[in-house]
Amino acid sequence: MSKRAAAAVLAGAMIVGLSACSSTGGSSDGKKSNGKLVLGFAQVGAESGWRTANTKSVQEAAKKAGITLKFSDAQQKQENQIKAIRSFIQQKVDVIAFSPVVESGWDTVLKEAKAAHIPVILTDRAIDSADTSLYATFLGSDFVEEGKKAGDWLVKEYQAKPGEVNVVQLEGTTGSAPANDRKSGFADAIKGDPKFKVVASQTGDFTRAKGKEVMQAFLKAQPKIDVLYAHNDDMALGAIQAIEEAGKKPGTDIKIVSVDGVKDAFTAMSQGKINFDVECNPLLGDQLMELAKKVKNGESVEHRIKTVEGTFTPEQATAALPTRQY
Ligand code: GZL
């Protein structure tokens, strides 16, 4: 994938100083407010239930850890994340953390953070930079493994059923690590059985609205759809609306396998509308705060920290619903 020079800094990021312990944000020059570590966090946006849970986890963990959090919402735009990182550098925060909306185009701004001696932590999503010295660690899921889990379930589900299986795929944000890796992991898992045909694949940008819109187009264009593989639950939930409006039964006429494991998807599973859900854990806040303290103190940390997550059948989701945190 060609590297994209970091986009020019454009207006748009909304940067909110959220102090962990006081009503005001971190001091303007970024010095430790009341001696507390100042963490700049550039979030992707607020595109999905997963993202909302991830943001809540980061904000609550900062408060608990006594860390002053400067939080920005990039509205899913890379230029806004780059702008936010540059702002954190100017404010001389102690540590920068972010979830890269796409894999490429980060070297320039991360070199600026390195030159400013501000350690960077990647959370949730990875980058494709060859220079791994640009970040202290990457804390997040293995998306290839998630895609493989989805594909393995499909192979098992249809092993005793003859005939071709037409699959449509709702991809995540174009160029993002989860979209690239969930696609490749799934493709690898099903490639051994020629009965599976991915007849259509298009991005729904991880949102319900776009997931519904693209599924409507799939339903119009495809004579036969047996399975939907959605890279996240929000797109699956949007697609369910489209499937029902087309007079079909999600989970029965069109089987659905999805990723994330958010509460709304578990509710749909309890209603028989989603058949399998691969969990992607958004609750990274506490681990992130511990890592921020360590890198600030110059302690060594593992360069890759993988989050622990499972899979859910409808029965398991139904049982988990009452205590599901997100
Ligand atoms: C995955 C995360 C993805 C989720 C989506 O770690 O980056 O982004 O799967 C979210 O729900 O929008």
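Residues numbered from 1 in each chain as written. Predicted model: local features only at pLDDT ≥ 70, side-chain atom pairs only at ≥ 80, totals over all residues. Heavy atoms only, no water.

## Some details on helix α3 (residues 107-115)
Taken as a whole, α3 has its buried residues at Asp107, Val109, Leu110 and Ala113. Mapping the buried residues of α3 onto a view down its axis gives an arc of 165°, with all of them on the same face. Of the residues one or two after α3, His117 is the one with positive phi, at around 60°. (Buried < 20%, exposed > 50% of the residue type's maximum accessible area, 1.4 Å probe, protein only. Helix = DSSP H or I, 4+ residues; strand = E, 2+ residues; numbered from the N terminus. Arc of directions from axis to C-beta.)

## Some thoughts on the packing of aromatic side chains
Scanning the entire structure with this criterion turns up six aromatic pairs. Summarising the aromatic geometry, the rings of Phe41 and Phe71 are spaced 5.9 Å apart at their centres and angled 15° between planes, so their arrangement reads as stacked. Placement of Phe41 in strand β2 (residues 38-43) and of Phe71 in strand β3 (residues 68-73) is noted, with a sequence separation of 30 residues between them. Per residue, the accessibility class of Phe41 equals that of Phe71, and both read buried. Seen in terms of ring centroids, Phe98 and Trp106 are 4.9 Å apart; in terms of plane orientation they differ by 55°. Their pairing is tilted. Stacked on the ring of Tyr158, the Lys or Arg Lys161 has its end atom at 4.9 Å from the ring centre. (Phe/Tyr/Trp six-rings, centres within 6.5 Å; stacked < 30°, edge-to-face > 60°. Lys NZ or Arg CZ within 6 Å of the ring centre and 35° of its normal.)

## Some thoughts on the confidence of the model for the protein chain
Of all residues in the protein chain, 90% attain a pLDDT of 70 or more, and the chain-wide mean is 92. Mean pLDDT across the secondary structure elements of the protein chain bottoms out at strand β1 (residues 14-18), with 48, and peaks at strand β9 (residues 227-230), with 99. Contacts from residues 17-31, a stretch scored under 50 in pLDDT, to residues over four places away or in other chains number 36 contacts. (pLDDT = per-residue confidence, 0-100. Contact = heavy atoms within 4.5 Å.)

## As for helix α9 (residues 285-296)
Since there are 3.6 residues in each turn of an α-helix, residues three or four apart along the chain are aligned in direction. Across its 12 residues, α9 extends 16 Å between first and last C-alpha, which sits within 8% of the 16 Å expected from 1.5 Å per residue. Taken as a whole, α9 has its buried residues at Gly285, Leu288, Met289, Leu291, Ala292 and Val295. Buried residues of α9, seen end-on, are gathered within an arc of 165° and therefore sit on one face of the element. Packed against the buried residues of α9 are β2, α1 (49-65), β4 (95-98), β5 (120-123), β6 (137-140) and β12 (304-306). Once α9 ends, the next one or two residues include Gly298, with phi positive near 75°. (Expected span 1.5 Å × (residues − 1).)

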